[in-house]
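A look at the structure
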Amino acid sequence: MSAKLTVTFLGTSAAIPTRERGLPGIALKREGEVVLMDCGEGVQRQVLSASIGLGNDMTILITHLHGDHVSGLLGLLQTMSLAQRSKPLNMVGPAKLLKWLEVTSDLLHIGLTFPIRFVEARPGTILRTSSFRFKAARAVHSVEAFAYLVEEPTRPGVFYPDKAKALKIPQGKLWSRLQKGRGISVAGRKIEPSQVMGPPRPGRKIGYSGDTRPSLGLARFFSGCDLLVFDSTFRRDDANKAIERRHSTSVEAAQLAKRAGVRKLALTHFSARYTSTASLVREARRIFPNTLAAADGLSLDVDYPTP
Ligand SMILES: [Zn+2]
Ligand SMILES: [Zn+2]
């Protein structure tokens, strides 16, 4: 059985909202566990529209301290408190994020009803939860910024019923023990999972760049992602602005996705200068065909790769 893993784009605009696009936010959901990546102004309303329960086990990943990526956080935490959330909440971000939260929630008299387990972002594995392992890498932006990788744990291999029958293992509890990767014993014979199952299979992997220039380090970091969500603030003809403001063009996002060998690329963080994102996707698809433009409210199910 494989768990459903859904990615919902809550806001896809850069710096300022447009009529169609709100400020950055992405939600991942798997078996009652939610990951929220960035939280721009207005994200909590999008969370409600997407029916993402605020009482779930939750980890919030903040890429950097620019207003468009954090301005919605206080309101979200306040709403959770008004709903009497008591479960601890994981939060990952640059060290100053915690300072900003402490000062502003104190000034605004926001008494949180739940503890925040804050983890300072740094390159490497930063956190493990029951559904995911989280990794961070440095992004290349105008302030300290991080890119994140959200990985499922390795899954047990494929179970072969024919092999189990040939070994005269009765169907039922013993099959299920083997499927969970535990050894059994039948009529005095010890049987290991590897006798009836294929090798362990990697879990799904989702990458998020936040705001960044492309870099070789990030291409390596995102290697083999099932879905990569990447900064696509500008079109190729505005490449000079991308360099100046430390962002990427959709073409650069596609080049990085190709180099990293990801399965699917979602462009996001579009400059408000573009009413439509169609031309950005068109340019990117010439380099990396499996590209789509994220849009507010769009949900994607991330499947396992076909072996
Ligand atoms: Zn931004
Ligand atoms: Zn930024």
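See the structure above.
Bear in mind the structure is a predicted one, so any value in this text is a computation, not a measurement.

This part covers the overall build of the chain. Helix and strand counts for the chain stand at 10 helices and 16 strands. Over its C-alpha atoms the chain spans a radius of gyration of 21 Å, differing by no more than 12% from the 19 Å that the globule rule assigns to 307 residues. With the principal axes as the frame, the chain shows a C-alpha extent of 70 × 50 × 30 Å. Residues counted as buried form 51% of the 307 residues belonging to the chain. When contacts within the chain are restricted to residue pairs at least 6 apart in sequence, those whose partners lie at least 24 apart make up 65%. For the chain, the accessible area works out to roughly 14,500 Å², and carbon and sulfur atoms hold 52% of it.

Let's shift gears to the coordination of the zinc ion (ligand 1). Those protein atoms acting as donors to the zinc ion (ligand 1) are Asp68 (OD), His69 (NE2), Asp211 (OD) and His269 (NE2), and they sit at 2.1 to 2.3 Å. Taken together, the 4 donor atoms coordinating the zinc ion (ligand 1) span angles of 89 to 158 degrees at the metal, a pattern that classifies the geometry as irregular. Every donor residue of the zinc ion (ligand 1) comes from the same chain, spaced as D-H-x141-D-x57-H. Taken as a pair, the zinc ion (ligand 1) and the zinc ion (ligand 2) lie 3.6 Å from each other and share Asp211 as a ligand. Placement of the pair is Asp211 in the loop between strand S12 (205-208) and helix H7 (216-221) and His269 in the loop between strand S14 (265-268) and helix H10 (278-285), with a sequence separation of 58 residues. The burial state of Asp211 is the same as that of His269; both residues are buried.

It is worth spelling out the sheet that holds S12 at this point. Hydrogen bonding along the main chain pairs the strands of a sheet, whether they run parallel or antiparallel. Spatially, the 7 strands line up as an open sheet ordered S7-S8-S9-S12-S13-S14-S15, and their pairing is mixed. Looking at which strands have only one partner, the edges of the open sheet turn out to be strand S7 (124-128) and strand S15 (291-293). Across the sheet, the mean angle separating the axes of adjacent strands is 20 degrees when strand polarity is ignored. When strand S8 (residues 133-138) meets strand S9 (residues 146-151), the two strands line up antiparallel, connected through 6 bridges. Among the inter-strand pairings, Ala137 is bridged to a residue of S9, identified as Ala147. Of the strands in this sheet, S14 and S15 touch H10, which is tilted by about 170 degrees from S15.

Burial runs high along helix H9 (residues 250-260): 8 of the 11 residues are buried. Every buried residue belonging to H9 is among Ser250, Val251, Glu252, Ala253, Ala254, Leu256, Ala257 and Ala260, and all of these are buried.

A few words on the coordination of the zinc ion (ligand 2). Looking at the zinc ion (ligand 2), one finds its protein donor set to be His64 (NE2), His66 (ND1), His141 (NE2) and Asp211 (OD), positioned 2.2 to 2.3 Å from the metal centre. We note that the donor set of the zinc ion (ligand 2) lies within a single chain, spaced as H-x1-H-x74-H-x69-D. On the accessibility criterion, His141 (9% relative accessible area) is buried.

With that settled, the discussion passes to the side chain of His69. Tracing the chain through its elements places His69 in helix H2 (residues 67-70). Separated by 3.1 Å, the side chains of His69 and Asp211 make a polar contact. Not counting residues up to four positions away in its chain, the partners in contact with His69 are Pro24, Asp38, Cys39, Gly40, Ile62, Thr63, His64, Tyr208, Asp211 and His269.

Attention shifts here to helix H3 (residues 73-82). Every buried residue of H3 is accounted for by Leu73, Leu74, Leu76, Leu77, Met80 and Ser81. In an axial view of H3, the angular spread of the buried residues amounts to 165 degrees, which keeps them on one side of the axis. With its phi angle positive at about 60 degrees, Gln84 sits one or two positions after the end of H3.

The subject of this paragraph is the sheet that holds strand S1 (residues 5-11). The strand order across the open sheet built from 7 strands is S6-S5-S4-S3-S2-S1-S16, with neighbouring strands paired in mixed fashion. The open sheet has two free edges, formed respectively by strand S6 (116-120) and strand S16 (299-301), since each of these has just one partner strand. When the angles between neighbouring strand axes are averaged without regard to direction, this sheet yields 20 degrees. By the bridge criterion, 5 bridges tie strand S3 (residues 33-39) to strand S4 (residues 57-61) in an arrangement that is parallel. Within S4, the position partnered with Val35 by the bridge is Thr59.

A separate point is the pairing of S12. Burial along S12 is two-sided: Lys205 and Gly207 facing one way and Ile206 and Tyr208 facing the other are all buried. Pairing geometry for S9 and S12, over 4 bridges, is antiparallel. Bridge pairing in S12 links Leu149 to Gly207. The pairing of S12 with strand S13 (residues 227-231) spans 3 bridges and is parallel.

What counts, and where the lines are drawn
- Residues numbered from 1 in each chain as written.
- Chains lettered and ligands numbered in written order.
- Predicted model: local features only at pLDDT ≥ 70, side-chain atom pairs only at ≥ 80, totals over all residues.
- Heavy atoms only, no water.
- Helix = DSSP H or I, 4+ residues; strand = E, 2+ residues; numbered from the N terminus.
- Rg over C-alpha atoms; globule rule 2.2 N^0.38 Å.
- Buried < 20%, exposed > 50% of the residue type's maximum accessible area, 1.4 Å probe, protein only.
- Contact = heavy atoms within 4.5 Å.
- Areas by Shrake-Rupley, 256 points an atom, 1.4 Å probe, with all protein chains shown as cover.
- Donors = N, O, S within 2.8 Å, 3.2 Å for Na, K, Ca; no water.
- Tetrahedral: all angles 85-135°; square planar, octahedral: opposite > 155°, others 65-115°.
- Pairing = 2+ DSSP bridges.
- Axes fitted to C-alpha atoms, helices over the stretch in contact; angles between N-to-C directions.
- Polar contact = N/O pair within 3.5 Å; in protein donor to acceptor, adjacent residues only side chain to side chain.
- Arc of directions from axis to C-beta.

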